[in-house]
Each structure stands twice: as C-alpha cells, then as structure tokens.
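Summary of structural features
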Amino acid sequence: MTRSSSLPPSTSPSTPRRPRPAPSVGARRGLLHVTGAAVLWGTTGVAVHLVRESTTLTPTSVGFYRLAIGAVVLVALVAHRLGPVLAALRSQPVALVLIGLGLGGYQALYFLAVAAGGVGVATVVSLGLAPVLIFGWESLRARRLPGRTMLGALVAGVAGLVLITVSVGEPGATAPRPLLGLLAAFGSGVGYAASTVLSRHAAQRVAPMTLTTVSAVVGALALAPIALAEGIGVPARLAPIGLLVHLGVVTTAVAYALFYAGLRTTTGSAAALSTLAEPLTAVLLAAWLVGESLPGPVLVGGVLLLGAVSVVHLTPGRPTPGK
C-alpha cells in the first residue's frame, strides 16, 4: 500500500473543491451608489415643477440648464487634472460622445413625452421599458434567461411603476398629442437603456468623474440648439436660480458620478431596477412638499417598487468587467 493511499480523505491530494462564490461586496457597493443616484434623481420632478411655476422656461430649457450647470461644476473640479479626461476622449471618443448624446437625447424625449402624452405615459413607458430592454440584451449576450428572482423583481418593479404613475399622473388628462407622446416616451426608454449599456462598458475603463464630466458637456451641447430656439432667459429671482443649481449640482454632477461609479461593479439590469427608486422618491417628496395625496394604489405600487429594489440589493450580480 502506498503512502498516498493511506492518507485520510480530507488530506488526499485530490483537486480541491471550489468555494461557493460569496455575494460580491463590490456589487453591493455599486448598487448602493446607483440607488443613491436614483434618490437624488427623484428630487428632479418637484424642482422642475417649482421652476416651471415661477419662470417661463420650457422643460427642454430646464434640462439644458441642468446639464450646463452640472458641466460647468464638473469641468471646474477636473480643471487641474485634464490629462485623464483628454486621454479618455482619445481612447474612446465614439463611446463617450454617444453616452453624452444619449444623456441629452433621452431627457429631451422624456420632456416631449410629458408635454405631448402626459406624465403617466412618459414615466411608465420610458422608465419601465429600459430595464426590460437591458434584461433582454444581457440575456441575449449570455444566451440564458435571468433567474426567477430577478425576473420577479422586474415584474414587481414595472407593476409598481404602473400603479404609481397611473394613480398620480392622471394619464390622458393632459395629453394633447398622445401618439407623439407615446413615441417620444418609447424613444426615451430606448435611449436610456442604450446609454446605460454603453455607460456600463465605458465605466470599466474611464473614471466616474471623467465619464460624468464628458457626458454632461456633450449632453448640454446637444440640448443647446433646442433650448436656444425655445428661449433660455435667466430667471430674475433667487429661488428658481437656486433650484436650477440644485438640478445641475445635485441631480446631475453628484447623481451621475454615483451612477457611473455604481456601473463599474454591477450589471446594467440590476442598475436599471435600482433606479426605480427614483419615482418612489419623487412621489414621497411630492406628498411631503407639495401636499399631493397618496391613494391606495400608490402605496401598493410603492411597496412593489421597494420590494423590487430590495431584492436586487439582496441578490447582487457579479459582473465581469468589460474587455
């Protein structure tokens, strides 16, 4: 009998078993970043509503100011280290420009969808379509369907989004051109999904601050012609100026830096589901600041959205950085 055969099974020189992969700490941190960005984005609706009430700015003009102010702040922050920004532009010019165009484009389409088709249709189609498209894209690339847990979270999230927007948005009440609104919302959702997928790949090579700066600058330049045509007169009062600064600094510079940082360590589908915290935040903030009511369907929808986001956080993915 040889020596190796006399060893106990636990010390036999056989191939060691691979340990079960633990939930990725990076993925959890990334989801927290994305959810934080969504909460900040949730303050956009109330801020835009208050700006529109006290100024003559159109939604697109407000969106331009949002990106332009964010771009100015970000450029000022990275002015002392422009080397990485220029290096990123040289290495991935097409991807970064497309991300910036997508950022400005899907915002403009969303504003058009709200004006033409109402808040309900714009929110449900644009925000609900994006995670579905991203789930489909990732499943097609991986050649397998997502797990039942994530599919359940997707269904619950979209259902919660529908309940909230149908109850709050009063679809059809202010829809002068419903077909145009539907098409614009569809385009916004497709643009949001494509921008998220592109951003996720770019975030593997480009620092979040650099990616945020370039996308904000390109997005502001993309919206500038439309905003100039509609009028971008500077408000004379301090309150709307403060709200525009909030939109530029908090909901653009800070929020998108968090979003792009989160995309470095999480999947696009999980990120898209986590951003459903945005409409939940918007409804709660509107109820607190504007005094809007919270009917039963809104509460049920809020529970579904919260459940979907919680499931994503409890079962984070383990994305492989893009090649």
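Just so we're clear, the structure is a prediction, and the values are computed from it rather than from any experiment.

Quick notes on the rules
Residues numbered from 1 in each chain as written. Predicted model: local features only at pLDDT ≥ 70, side-chain atom pairs only at ≥ 80, totals over all residues. Heavy atoms only, no water. Patch = residues over 30% accessible without salt bridge, like charges linked within 9 Å, V, L, I, M, F, W, Y side chains within 5 Å. Areas by Shrake-Rupley, 256 points an atom, 1.4 Å probe, with all protein chains shown as cover. Salt bridge = Lys/Arg side-chain N within 4 Å of Asp/Glu carboxyl O. Helix = DSSP H or I, 4+ residues; strand = E, 2+ residues; numbered from the N terminus. Buried < 20%, exposed > 50% of the residue type's maximum accessible area, 1.4 Å probe, protein only. Polar contact = N/O pair within 3.5 Å; in protein donor to acceptor, adjacent residues only side chain to side chain. Contact = heavy atoms within 4.5 Å. Phe/Tyr/Trp six-rings, centres within 6.5 Å; stacked < 30°, edge-to-face > 60°. Expected span 1.5 Å × (residues − 1). Bend = angle between axes of the 7 residues up to and from the residue.

So, about a nonpolar patch on the surface. A cluster of nonpolar side chains, namely Val-94, Val-97, Leu-98, Leu-101 and Leu-198, defines an oily patch on the protein surface of about 390 Å² accessible area. The leading source of residues in the nonpolar patch is helix α5 (residues 93-117), at 4 residues. If you trace the backbone, Leu-198 turns up in helix α8 (residues 178-202). With a relative accessible area of 31%, Leu-198 lands in the partly exposed category.

Glancing now at the side chain of Thr-55. Position of Thr-55 relative to the elements: it lies in the loop between α2 (44-54) and α3 (59-78). At a separation of 2.7 Å, a polar atom in the side chain of Thr-55 contacts the main-chain carbonyl oxygen of Val-51. A polar side-chain atom of Thr-55 sits 3.4 Å from the main-chain amide nitrogen of Leu-57. Beyond its immediate stretch of four places on either side in the chain, Thr-55 contacts Pro-235 and Pro-240.

Applying the stated criterion across every chain, the model contains 7 aromatic pairs. Seen from their ring centres, Tyr-106 and Tyr-192 are 5.4 Å apart, and the 55 degrees between their planes marks the pair as tilted. Taken together, the residues span a long stretch of sequence, with Tyr-106 in helix α5 and Tyr-192 in helix α8 at a distance of 86 residues. Classification of Tyr-106 as buried rests on a relative accessible area of 11%. With a centroid separation of 5.8 Å and an interplanar angle of 50 degrees, the aromatic rings of Phe-259 and Tyr-260 are classed as tilted.

Looking now at helix α9 (residues 208-230). Spanning 23 residues, α9 covers 32 Å between terminal C-alpha atoms, matching the ideal 33 Å at 1.5 Å per step. Roughly 40 degrees is the biggest bend found in α9, and it falls at Ala-224, with proline Pro-225 one to four residues downstream.

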